[in-house]
Amino acid sequence: MFSKIKEVFINFITSRLVMISAIMILAASGLVYRLFFLQIIKGETYLDSFQLKIMKEKSIPAARGNIYDRNGKLLAYNELSNSVTIEDVYESGSGKNAALNETINRVIDIIEKDGDVVDTEFNIQLNSSNNFEFAIEGNSLLRFLADVYGKTSINDLKYEERSKTAQEVIDDLCEKFGIGDYTEPGNKKSFVPGMGYEKDRLLKVVVVRYKMFSNSYQKYINTVIATSVSDKTVADVMENSNVLEGISIEEDTARVYVDSVYFSQILGYTGKISDSELTELQAQNPNYRSNDTVGKSGIEQSMESVLQGTKGSETVYVDNTGKVLETSSYIDSKAGNDVYLTIDKDLQEACYNIIEQSLAGILISKIQNVKFLVYGENVKKSDIQIPVYDVYFACFDNHIIDLDHMASEDAGRNEKIVYEQYQAKRQQVNDGLRAEFTTNNTAYNMLTSEYKVYMSYIAQKLYSNGVIDTDKVDKEDKTYIAWTTDETISLSEYIRYCIASNWIDVTLLDLESQYVDSEEIFNTIIEYIFNDIEDDDEFNKKLYKYLLADDVITGDQVCNILLEQGIVELPEEERSLWNAASESAYTFMLNRISNLDITPAQLALDPCSGSMVVTDVNNGDVLALVSYPGYDNNKMANGVDAEYYAKLRSDQSSPLINYATMQRTAPGSTYKMVSATAGLMEGVIDTSSTITCTGVFDKTGILAHCWIYPRSHGSLDVVGGIRNSCNNFFYEVGYRLGLVGDSYKSDTGLQKLAKYADMYGLSEKSGIEISEYEPIVSDLDSTRSAIGQGTNSFTTVGLARYVTTVANSGTCFNLTLLEKTCDSDGNLLEEYGSTVRNHIDMDSSYWNAIHQGMRGVVEDKPYFNDLAVNVAGKTGTAEESKKRANHALFVCYAPYESPQIAIATRIAYGYSSSYAAQITKEVVAYYFGLKDSDDVQNGTAQQLQVGDTNAD
């Protein structure tokens, strides 16, 4: 093209000495060609400058607004950073995929060599067993599949597309983007998706290619590969730019969260916009683009339109290497607005720390220096203890110990010894399993308890991986029942029967031909099983459990591995004792828990989680909304750290769950103020009515007991009923609410209870501006529902709204986390606040009776005696599992005489409500300045009084 242009101009010039400046602009697809200073001097022609310029309309991202607490303390902000990006500048053709994939792999090598992290924010992730799995479910998953397979609606998905496993979707994307290699079986060249890639690298390349594909319909949109990269990465990328076509470094901003673990469940985090989010947000604001960063959860998501600024733009001219030649038409971006929360940063952190310290104290009181504990069927939940061997195993089970490091060259002495023992155990178990599948065929009920665990896990995996197709399995089949219920056949027999019954999805098996006999299918399944469990983290951890149980691995070795891996450090004095073998492994572990070197969340033994919500009873502001454990949302924003995210998702303490808003349990006896209100307002009791507790209630034909049984409370009025948390009193109230004439109708009683639960806001979400589960009001048995059982199930924040309404005598707020918004210069834009949902119009004498009863509850707790602020509250316990401790709950307000704050606390599997009450007491003391911050947040386990373990 260039020589043709030159020829045209030469023919046009007739003078011997002419200097002209000619510009020829050919505009097509955004490309601008310019011809400068064609000189012809004395019959000689010179082309001084001819440059290809590519014109781009560049979007200038806006700084996201900051987030502050109620006192102006910073919670989230931005800092300048660099991102590695890629633009699709590759020519179409058969070699495009290979060239692109090679470049992506090269740049990933550089990024990771320099210690930075590739962004793998995607709806498919690797789990702890190194298998691909979906990170979403329900309609979100279907929407994702529709995007992958090019459907405009989830209704357009074919059955086989909506039924795809995560591995199958990865394979399909590899096929689409040419990620893999070719084999030549039988002289026939065949492409194998993902061949030649480790799974973690495969995921990274697939994510980049998928994002590029999602951006492909927009011109000149760069795809981010890594964010917040180091100066070293920037330098190395620039140095290798000649072999990294399309790769560039772009200035960007990174989201930073202050003291992130305390606020992650409130603030959420930001990330690259998904296809479904783009569609939704563009409906509100058409300026959103596929490479934008948006709020993914929490306040970041709910206040997206406020925090997201207005993008600027400029026209940029670059050469064919991407070098900027000139810019024009610059329009500056406008920063997003700032959000101020009702949360008190210091209070939030204090509540979190108090919960963690208290959980550690409960664990210490429950851990016993034994290997096993065996309980009878009627064991009291408060008597459940924790064998120290469960603590040793938890170090492996919840990844406190790095299992991969034990196999590395720089592993410590104890790591190497234990790893060798693990390898020997692995070989032994593999041999034993192979013998069971091929020769022994031992019926499940005749296996050892250890091999029952292995066989159950393998069967479950065959189901979850789709090898045994659950849609085809006949649940009424005798052989199915023999395996699942009677346990009278072996797993190998069951697998053979599944093959004969056509319950196997053979497409998931590596068969040489579709025309194979059943024996070959069986043998292939057996090999599939061993390949599947080879790197299965969950299966491998079971081996460590039995190594500990058989004393092949000792507690001392576990403790030494913790030291060798640098997970814990010992004070000098204790180090001397440990080295001299003067300290036992049991004491070592108790000390680590006491000092919070190992936290309750890391151990993931009951109790390992808790939640607390503190409100201002006079305006409905949420002052603290605590979920323990939290997580570091800095590692989720600015490109997801895949390894960290996988660890979070496999963590048995479930830190990604907001326990204050997304955990529902029965309220237990904290519900009794609702029942008291219903009884008083419906006229089935008054403030002078008495009900006699005999310890037994049998009016409905179903025998029920008061918690005090075989003792009894005797005659109680409503104040005494609440104060003593008498189940019989409230059974009777629930029974009377259900009377129609002389007949008891449970549904009638339930309707009345539901009416007053609604008045306290327990029938709807609390109003806060982040995700929250809907409450469940009981529809089963009005007598049991009246004591907080039945099917009642509420979140902690829902209970907080309820007790707030009790505290202020009837004003039910829609709670709020938002105080105000301001522009980036601090100018007020909008004031927020709670709204009044409804008011309970009830006689003051009724309110007095309820308040007096709650005050009496606290007066009867000796651990409140030294608190200078009077508190009114109600304890509650809730059973969820026959094999685990009860949930512990406490709701309260203070001061009793003139309420300022209300608090709802729940400790999942926390044994006794007295523990929840004592935790709350510490928060009250902190809030009213009765204890120094260092006293209540001293970084060590908080020992709690046992209290009355029977009372609720």
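**Student:** Mind laying out the pattern of salt bridges, listing which residues take part and the relevant values?
**Tutor:** When the charged atoms of two side chains lie near each other, side chains of opposite charge can form a pair. Within the structure shown, the criterion is met by 49 salt bridges. Where Arg64 meets Glu300, a salt bridge forms, and the shortest distance between an N and an O atom there is 2.8 Å. Of the two residues, Arg64 sits in the loop between strand S3 (44–60) and strand S4 (67–68) while Glu300 sits in helix H10 (residues 298–302), which places them 236 residues apart along the sequence. Using a relative accessible area of 9% as the deciding quantity, one classes Arg64 as buried. The class for Glu300 is buried, based on a relative accessible area of 0%. One salt-bridge network, held together by shared partners, links Arg64, Arg255, Glu300 and Glu304.

**Student:** Describe the side chain of Ser611, listing the residues and the values that go with them.
**Tutor:** Summarising the element assignment, Ser611 is placed in strand S19 (residues 610–616). Look past the residues within four positions of Ser611 in its chain and what remains in contact with it is Ile355, Val626, Tyr659, Ala660, Thr796, Ala904, Thr905 and Arg906.

**Student:** Break down the sheet that holds strand S31 (residues 872–878) for me, citing the residues and quoting the values.
**Tutor:** If you walk across this open sheet you meet the 5 strands as S20-S19-S33-S32-S31, and the pairing is antiparallel. At either margin of the open sheet sits one strand with a lone partner, and together these are strand S20 (622–628) and S31. Averaged over all neighbouring strand pairs, the angle between strand axes comes to 5 degrees, with direction disregarded. With 7 bridges joining them, S31 and strand S32 (residues 887–894) adopt antiparallel strand pairing. Each bridged residue has a counterpart across the sheet, and for Ala872 the counterpart in S32 is Tyr893.

**Student:** How would you explain the packing of aromatic side chains if you had to name every residue and give the values?
**Tutor:** Evaluated as defined, the whole model comprises 33 aromatic pairs. Taken together, a centroid distance of 5.5 Å and an interplanar angle of 85 degrees make the contact between Phe122 and Phe144 edge-to-face. Of the two residues, Phe122 sits in the loop between helix H2 (96–113) and strand S6 (124–126) while Phe144 sits in helix H3 (residues 138–148), which places them 22 residues apart along the sequence. Judged by centre distance (5.1 Å) and plane angle (65 degrees), the rings of Tyr182 and Phe191 are edge-to-face. Take Tyr182: its relative accessible area is 47%, and that puts it in the partly exposed class. Counting every residue linked through ring pairs, the aromatic cluster contains Tyr451, Tyr454, Tyr457, Phe539 and Tyr546. Of note, Arg592 hangs over the ring of Phe588, and the distance from its end group to the ring centre comes to 4.9 Å. The positively charged end of Arg649 is found above the aromatic ring belonging to Tyr645, 5.4 Å away from the centroid.

**Student:** Hey, could you go over the pairing of strand S14 (residues 312–318) for me, with residue numbers and the actual values?
**Tutor:** Counting buried residues along S14, 6 of its 7 residues qualify, which places the element largely inside the surrounding structure. Pairing geometry for S14 and strand S15 (residues 324–331), over 5 bridges, is antiparallel. Paired with Val316 across the strands is Thr327, a residue of S15.

Criteria and cut-off values
- Residues numbered from 1 in each chain as written.
- Predicted model: local features only at pLDDT ≥ 70, side-chain atom pairs only at ≥ 80, totals over all residues.
- Heavy atoms only, no water.
- Salt bridge = Lys/Arg side-chain N within 4 Å of Asp/Glu carboxyl O.
- Helix = DSSP H or I, 4+ residues; strand = E, 2+ residues; numbered from the N terminus.
- Buried < 20%, exposed > 50% of the residue type's maximum accessible area, 1.4 Å probe, protein only.
- Contact = heavy atoms within 4.5 Å.
- Pairing = 2+ DSSP bridges.
- Axes fitted to C-alpha atoms, helices over the stretch in contact; angles between N-to-C directions.
- Phe/Tyr/Trp six-rings, centres within 6.5 Å; stacked < 30°, edge-to-face > 60°.
- Lys NZ or Arg CZ within 6 Å of the ring centre and 35° of its normal.

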